[in-house]
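Remarks on the overall topology
As a plain string of letters, each chain reads:
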Amino acid sequence: LRGLKMKQYPVNLKIEYSEKSNKLTALFRLVLIIPIILTLALIAPAEAFSIAIALMILFREKYPKWWFDWNIGITKFIYRIAAYGLLMRDEYPSTEDEQAVQVDIPYPDTKKDLNRWMPLVKWFLAIPHFIALVFMFIAVVFCTIFAWFAILFTGRYPRGIFDFVEGFLRWSLRVNAYAFLLTTDQYPPFK
C-alpha cells in the first residue's frame with residue numbers, strides 16, 4: 001500500500017494553526033461574531049441558486065465563471081467565519097481577504113469534468129455524508145467547548161482538537177462543493 005499514491009481530491013481546505021490564542025476574544029467570541037453573522041445572513045441567501053446552476057449544467061452544459069466566483073467568494077467567507085466562531089483563528093473574518101483560511105475549489109470545465117445529469121441526484125447521493133456530518137458536528141461542538149476552556153486556562157487551542165475540527169470543516173466543504181456548489185462530480189471521501 002505504500003507504493004500506491006492516492007488521487008488528491010480537487011476540493012481542499014487548510015486553516016493555519018496558531019500557537020497562541022487570545023483569551024479575551026475567546027471569552028467573548030459569541031458576542032463578537034454577531035455582526036459578521038448578520039452580514040453573512042444578508043448575502044448568503046444568494047448562494048441558494050444551486051437549482052439555477054443545476055439547470056444550467058443540465059440544459060446548457062455551462063457554469064458561468066462569474067457565478068462560480070460569487071459562490072466561491074461566499075463559501076470562503078463562510079469558512080472564515082466558521083474558523084473564527086469555532087475559536088480556530090483570532091483575527092476577525094474579512095469579507096474579502098483569505099487570511100489564514102485557504103479554500104481551494106477549482107473552476108470546472110463543465111463539458112469535460114461534469115456529467116450534465118448528476119445535479120439531479122447529487123443531493124440524494126450525499127445523504128450518507130449529511131448523516132455522518134450531523135454526528136460529527138455534535139462532536140465538534142463538544143470539542144469547541146473543551147477548546148474554549150483550554151484557551152481560557154492555557155492560551156492555546158489543543159492541536160489534536162484543531163486537527164479534528166479542521167477535518168470536519170474540510171469534509172463539509174467537499175460535500176458542499178459536490179452537492180450544492182456542483183463544482184465536481186468526484187464523490188467526497190469519507191475521511
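Residues numbered from 1 in each chain as written. Predicted model: local features only at pLDDT ≥ 70, side-chain atom pairs only at ≥ 80, totals over all residues. Heavy atoms only, no water.

1. As for the overall build of the chain
A count of helical and extended segments in the chain gives 9 helices and 2 strands. Walking the chain from its N terminus toward its C terminus, one meets helices and strands in the order β-α-α-α-α-α-β-α-α-α-α. The C-alpha atoms of the chain give a radius of gyration of 18 Å, which matches the 16 Å a tight globule of 191 residues would have. Relative to all contacts within the chain whose residues are 6 or more apart in sequence, the contacts with residues 24 or more apart total 77%. (Helix = DSSP H or I, 4+ residues; strand = E, 2+ residues; numbered from the N terminus. Rg over C-alpha atoms; globule rule 2.2 N^0.38 Å. Contact = heavy atoms within 4.5 Å.)

2. So, the confidence of the model for the chain
Across the chain, the average pLDDT comes to 91, with 94% of residues at 70 or higher. When the criterion is pLDDT under 50, residues 1–6 qualifies, and its contacts beyond four places in sequence or with other chains add up to 1 contact. (pLDDT = per-residue confidence, 0-100.)

3. What to know about the packing of aromatic side chains
Tallying each qualifying case throughout the model produces 13 aromatic pairs. Centroid distance phenylalanine 68 to tyrosine 107: 5.0 Å. Interplanar angle 70°. Geometry classified as edge-to-face. Of this pair, phenylalanine 68 sits in helix α5 (residues 65–85) while tyrosine 107 sits in the loop between β2 (101–104) and α6 (110–113), placing them 39 residues apart in sequence. Classification of tyrosine 107 as partly exposed rests on a relative accessible area of 36%. Measuring from centroid to centroid gives 6.3 Å for tyrosine 187 and phenylalanine 190, while their planes differ by 50°, and the two rings are tilted. Take tyrosine 187: its relative accessible area is 34%, and that puts it in the partly exposed class. Three or more aromatic residues joined by ring pairs make a cluster, and in this case those are Trp171, Tyr178, Tyr187 and Phe190. In this structure, arginine 29 packs its charged tip against the face of tyrosine 84, placed 4.1 Å from the ring centre. (Phe/Tyr/Trp six-rings, centres within 6.5 Å; stacked < 30°, edge-to-face > 60°. Buried < 20%, exposed > 50% of the residue type's maximum accessible area, 1.4 Å probe, protein only. Lys NZ or Arg CZ within 6 Å of the ring centre and 35° of its normal.)

4. Thoughts on the side chain of arginine 80
Looking at where arginine 80 falls in the secondary structure, it is placed in helix α5. Excluding residues within four positions of it along the chain, arginine 80 makes contact with Pro93, Ser94, Thr95, Glu96, Asp97, Glu98, Gln99 and Val101.

5. Comments concerning the pattern of salt bridges
Using the criterion set out here, one finds 10 salt bridges in the structure. Between arginine 156 and glutamate 19 there is a salt bridge whose closest N-O contact spans 2.8 Å. On the criterion of sequence distance, the pair formed by arginine 156 in the loop between α8 (127–154) and α9 (159–179) and glutamate 19 in the loop between β1 (12–15) and α1 (23–27) is long-range, its members being 137 residues apart. Take arginine 156: its relative accessible area is 38%, and that puts it in the partly exposed class. Across the pair lysine 76 and glutamate 98 runs a salt bridge whose closest N-O atoms are separated by 2.8 Å. Of this pair, lysine 76 sits in helix α5 while glutamate 98 is found in the loop between α5 and β2, placing the two residues 22 residues apart along the sequence. In the salt-bridge network here, residues are joined through shared partners; they are Lys14, Glu166 and Arg170. (Salt bridge = Lys/Arg side-chain N within 4 Å of Asp/Glu carboxyl O.)

6. Some details on the nonpolar core
The biggest cluster of nonpolar side chains holds 45 residues, and the ones touching the most others in it are Leu13, Ile15, Met88, Ile105, Tyr157, Val165 and Leu169. Among the elements of the structure, β1, α4 (50–60), α5, β2, α8 and α9 are those that each provide at least two residues to this core. Element by element, the count of residues in this core is highest for α9, at 11 residues. Listed in part, the 6 residues of the second largest apolar core include Ile33, Phe77, Ile81 and Tyr84. (Core = buried A, V, L, I, M, F, W, Y, C linked by side-chain atoms within 4.5 Å.)

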